[in-house]
Amino acid sequence: MCLYKNIGDGALFIIKKFAALIALLGFSLLLAACSREADSNVLRLAHNMTTDHPVHIAMVDMGERLEVLSGGEMSIQIYSGGQLGKEREVIELLQIGAIAMTKVSTISMSGFSEDMRVFSVPYIFENNAHYWRVLNGPVGQDILGSLEPALLKGLGFYDAGSRSFYMTDGPIRTPADLKGKKIRVQPSRASIDMVKALGGSATPISWGELYTALQQGVVDGAENNSPSYYISKHYETAKYYSLDEHTSVPDLIIISAKVWQGLSAQEQGWLSEAMAQSSLKQREQWAKASKDALEKVAKAGVEIIYPDKKPFQDAVKGLKASHDGSRIGDLLERIAAEAQTEAPSP
C-alpha cells in the first residue's frame, strides 16, 4: 500500500510518477490532468482495458450521462489501454490527485482495505440477485467507504462475473478432480487457501505468463470469468471449462479523494448519479459478453461443464469459519443476512 509516511519518500514518489507521465504524454498533459478548465470540469479516467471491453463501454456511457446531468459543466476524458500506466501506477497517481478516476478489481484493493478481502472468500453469494443486493446496499457502501484512509473513494461497483476452473487435461466435475493439479491463482493468500482446500496445488503466476505456462504444462489449469478466458485465448490450450463459480469478485470505480473533495456537493451528486446509471449499463454489457464468450469457446471445441456446486461449497466451509470473530467474519454474517431481504429498487 503506497501511502508514504515521510516527506522524502513522498517527494521521490511524485518525481518518479511525474517523470513517467512526461515520457508518455508530455508535460502539458500532466498539467491539464490537474487543472479545472474555464468552462468544464474535466475528470481524467485511466484504465488498462481495450475500447471494446464492457467496462470501457460503460465508462463512455458514464461520461455522456455526466455531461447531460451537469448541462455540460462536467465531462470525463478516458485514457484506455494503459496509456497512463499499469493498474498499480494509476492507483498511486489517484492518491496524489494527478488523475481523477480508474477501474480496479476488488482483489487488487485488498492491500488498501481489509474489507476488500471478503470477495476472495468462496461461495458467499447465493445468486446474482443476492450479489447485487449486497453491493447496492449498506454492506456495499461500507466496503466502498473503507478506502478513505488510502486517500481514495469508491464510487460504485461493476460486474466482473464469477471465477471458474479451466483445465488442459480433463474436466473438473468434483473437488476430487483437482487433487494434485497445479492451478494458477492470483498472488493472494485467500486464493491459495481456496485451491488447497479443494485439493489442488496453488501456483501463483502473472497473467501475462499464463498462456505459455498452460502450453508448457507448468500449470494444469487456472480460474477466471468467461470473457477473460475467451479474450486471453487460454481456451486454445485449456479446453475444459467447469462453471463451479467459486468466487464473485466485482470491479470498482474509484476516484481520488483529493479530486472528490474538490467537487461541489452538486457536482458530487451528478457524478454519483452518472456512476449508478453506468453500472446498470455495464451489467448489461457484461451479461452479453459472458454469453458470447461461452458460445465462442464452445464453437472452438471447449467442453463446458456445469458441476454440482454443493461438494465444492462443502469443501471450503472451513475457510468461512476461519474468519469468525474478525472484521471479515462480521461482513460475511451481514452478507448472509442479505440473502433473506427484498431487493432494493435500482
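Residues numbered from 1 in each chain as written. Predicted model: local features only at pLDDT ≥ 70, side-chain atom pairs only at ≥ 80, totals over all residues. Heavy atoms only, no water.

## Concerning the overall build of the protein chain
Here's step 1: Check the secondary structure of the protein chain and you find 14 helices and 11 strands.
Here's step 2: Counting the 346 residues in the protein chain, one finds 49% classified as buried.
Here's step 3: Summarising the internal contacts of the protein chain: among those between residues at least 6 apart in sequence, 76% fall at separations of at least 24.
Here's step 4: Of the roughly 15700 Å² of accessible surface on the protein chain, a fraction of 52% belongs to carbon and sulfur atoms. (Helix = DSSP H or I, 4+ residues; strand = E, 2+ residues; numbered from the N terminus. Buried < 20%, exposed > 50% of the residue type's maximum accessible area, 1.4 Å probe, protein only. Contact = heavy atoms within 4.5 Å. Areas by Shrake-Rupley, 256 points an atom, 1.4 Å probe, with all protein chains shown as cover.)

## Concerning the nonpolar core
Here's step 1: Among the nonpolar cores identified, the biggest contains 35 residues, and M109, V118, L147, L152, F157, L252 and I254 are the most heavily contacted of them.
Here's step 2: Not counting residues within four places of it along the chain, the set of residues in contact with F157 comprises T106, F119, W132, L135, G140, I143, L144, P250, D251, L252, M275 and S279.
Here's step 3: By size, the runner-up hydrophobic cluster in this structure holds 23 residues, among which are V55, A58, M59 and I76. (Core = buried A, V, L, I, M, F, W, Y, C linked by side-chain atoms within 4.5 Å.)

## Section: the sheet that holds strand β10 (residues 251-256)
Here's step 1: An order of β2-β1-β3-β10-β4 is seen for the 5 strands of this open sheet, with the pairing classed as mixed. Each end of this open sheet is capped by a strand with a single partner; those strands are β2 (74-79) and β4 (152-158). On average, each strand axis in the sheet is inclined to that of its neighbour by 30 degrees, with strand direction left out of account.
Here's step 2: Two elements, β4 and β10, share 6 bridges in a ladder whose sense is antiparallel. The partner of G156 across the bridge, within β10, is I253.
Here's step 3: Most of the contacts of helix α3 (residues 54-69) go to β2, to which it runs at about 160 degrees, and overall it touches β1 (41-46), β2, β3 (101-105), β4 and β10. (Pairing = 2+ DSSP bridges. Axes fitted to C-alpha atoms, helices over the stretch in contact; angles between N-to-C directions.)

## Here's the deal with helix α8 (residues 207-216)
Here's step 1: Every buried residue of α8 is accounted for by L210, A213 and L214. Looking down the long axis of α8, one finds its buried residues gathered within 95 degrees of arc, a one-sided arrangement. Away from the buried face of α8 by more than 90 degrees, exposed residues G208, E209 and Q216 are located.
Here's step 2: Packing partners of the buried residues in α8 comprise β5 (162-167), β6 (182-185) and β8 (221-224). (Arc of directions from axis to C-beta.)

## Observations regarding unusual backbone geometry
Phi is mostly negative for residues that are not glycine, and the peptide bonds are mostly trans.
Here's step 1: Unusually for a residue other than glycine, Y123 sits at a positive phi of about 55 degrees.
Here's step 2: Note that Y123 resides in the loop between β3 and α5 (128-135).
Here's step 3: Taking the relative accessible area as the measure of exposure, Y123 reaches 10% and is therefore buried.

## Concerning the environment of F165
Here's step 1: Inspection of the secondary structure puts F165 in strand β5.
Here's step 2: A sequence separation of 56 residues divides F165 from G221, and the C-alpha atoms of the two residues are 7.0 Å apart.

## Let's talk about the packing of aromatic side chains
Here's step 1: One pass over the structure, following the stated rule, counts 8 aromatic pairs.
Here's step 2: Ring centres 5.0 Å apart and planes at 85 degrees place the aromatic pair F125 and Y131 in the edge-to-face group. For the pair shown, F125 and Y131 are each scored as buried.
Here's step 3: Through a chain of ring-to-ring contacts, the aromatic side chains of Y166, Y229, Y230, Y235 and Y241 assemble into a single cluster.
Here's step 4: The ring of W260 is capped by K153, whose NZ or CZ atom sits 4.9 Å from the centre of that ring.
Here's step 5: Between R283 and the ring centre of W132, over which it is positioned, the NZ or CZ distance is 4.1 Å. (Phe/Tyr/Trp six-rings, centres within 6.5 Å; stacked < 30°, edge-to-face > 60°. Lys NZ or Arg CZ within 6 Å of the ring centre and 35° of its normal.)

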